[in-house]
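Chain residues, written in single-letter form:
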Amino acid sequence: RLRDFAFNPDTNQITFNSDELGEIGKKIAENYHQVETTKKNLQLEKQKLLQHIQISEEGICFISASQQVEFYNGLFVQHLNQLTDIPQSNPSAILQDNLFAELHNFLASSEEKYFETLISNHGKTFSLRTSIFEDKSFEIILTDITKQEKTKQLKIEMTGNIAHELRTPVTGI
């Protein structure tokens, strides 16, 4: 029966004797079914995560330790194209383009596990964040912060103008 289970583990109808070998067989069958259930749950969680990444408002790209693109969402390529001079359909272009020299230096040194910088080009500003994982693979996240930067600049200008307008009458008095 143990041999039958070993060759066809998906059968739930195998019953084992109540002797020592039967107990071992039952335990092996339980462990097998537990592993299968865990695999199914992990696959479901992976699907949820990938679906979340696809609808995220950030461009995300996962790259292996050998610098091969493993997964990316469409927004990553869109942001990459807004930054680079030549339209790209391959997200690995970020690893060659000189615009991302700071990222290249960070990946070459790999002393730190996290890197963040701002990149501006063509009137757009993006936040670039990178995290290196234990297996030396890493993720790159591009977020369009052009609107936030423009709002920040307007606030600074407005504060300066208000301060100037208030100083002029005070000086006169």
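Here goes a summary of the coordinates provided.

## Here we look at the overall build of the chain
- A count of helices and strands for the chain gives 5 helices and 5 strands.
- Listing each helix as α and each strand as β along the chain from the N terminus yields α-α-β-β-α-α-β-β-β-α.
- Over its C-alpha trace the chain gives a radius of gyration of 28 Å, far above what one expects of a compact globule, namely 16 Å for 173 residues.
- Relative to its full complement of 173 residues, the chain shows a buried share of 28%.
- Counting contacts in the chain only where the partners sit at least 6 residues apart, residues at least 24 apart contribute 32% of the total.
- Between the mean site of the 17 positive side-chain charges and the mean site of the 24 negative ones, the chain shows a separation of 4 Å.

## What to know about the pattern of salt bridges
- Evaluated as defined, the whole model comprises 5 salt bridges.
- In this structure, aspartate 144 and lysine 124 form a salt bridge, with 3.4 Å as the shortest nitrogen-oxygen distance. Here the residue aspartate 144 occupies a position in strand E5 (residues 138-144), and lysine 124 occupies one in strand E4 (residues 124-132), the gap between them amounting to 20 residues.
- Residue aspartate 144 is classed as partly exposed on the basis of its relative accessible area, which comes to 25%.

## Side note on the side chain of threonine 125
- Following the sequence through the fold, threonine 125 ends up in strand E4.
- Classification of threonine 125 as buried rests on a relative accessible area of 13%.

## Here's the deal with the environment of asparagine 8
- Along the chain, asparagine 8 falls in the loop between helix H1 (2-7) and helix H2 (20-55).
- Separated by 87 residues in sequence, asparagine 8 and leucine 95 have C-alpha atoms that sit 47 Å apart.

## A few points about the packing of aromatic side chains
- Following the criterion strictly, the structure yields 1 aromatic pair and no others.
- With a centroid separation of 5.0 Å and 20° between ring planes, the pair formed by phenylalanine 106 and phenylalanine 115 is classed as stacked. The pair formed by phenylalanine 106 and phenylalanine 115 is uniform in burial state, with each residue classed as buried.

## Section: a nonpolar patch on the surface
- On the surface, Leu21, Ile24 and Ile28 cluster together into a nonpolar patch covering about 270 Å² of accessible area.
- In this structure, isoleucine 28 sits in helix H2.

## Section: helix H4 (residues 101-109)
- All buried positions along H4 are accounted for by Leu103, Phe106 and Leu107. Burial along H4 is one-sided: seen end-on, the buried residues are contained in an arc of 95°. Of the residues in H4, the exposed ones pointing more than 90 degrees away from the buried face are Asn105 and Ala108.
- Buried residues along H4 sit in contact with strand E3 (114-121), E4 and E5.

## Overview of the environment of valine 35
- Looking at the secondary structure, you find valine 35 in helix H2.
- Judged by relative accessible area, which is 47%, valine 35 ranks as partly exposed.
- For the pair valine 35 and glutamine 67, spaced 32 residues apart in sequence, the C-alpha separation works out to 31 Å.

Criteria and thresholds
Residues numbered from 1 in each chain as written. Predicted model: local features only at pLDDT ≥ 70, side-chain atom pairs only at ≥ 80, totals over all residues. Heavy atoms only, no water. Helix = DSSP H or I, 4+ residues; strand = E, 2+ residues; numbered from the N terminus. Rg over C-alpha atoms; globule rule 2.2 N^0.38 Å. Buried < 20%, exposed > 50% of the residue type's maximum accessible area, 1.4 Å probe, protein only. Contact = heavy atoms within 4.5 Å. Lys, Arg positive; Asp, Glu negative; His and termini not counted. Charge placed at Lys NZ, Arg CZ, Asp CG, Glu CD. Salt bridge = Lys/Arg side-chain N within 4 Å of Asp/Glu carboxyl O. Phe/Tyr/Trp six-rings, centres within 6.5 Å; stacked < 30°, edge-to-face > 60°. Patch = residues over 30% accessible without salt bridge, like charges linked within 9 Å, V, L, I, M, F, W, Y side chains within 5 Å. Areas by Shrake-Rupley, 256 points an atom, 1.4 Å probe, with all protein chains shown as cover. Arc of directions from axis to C-beta.

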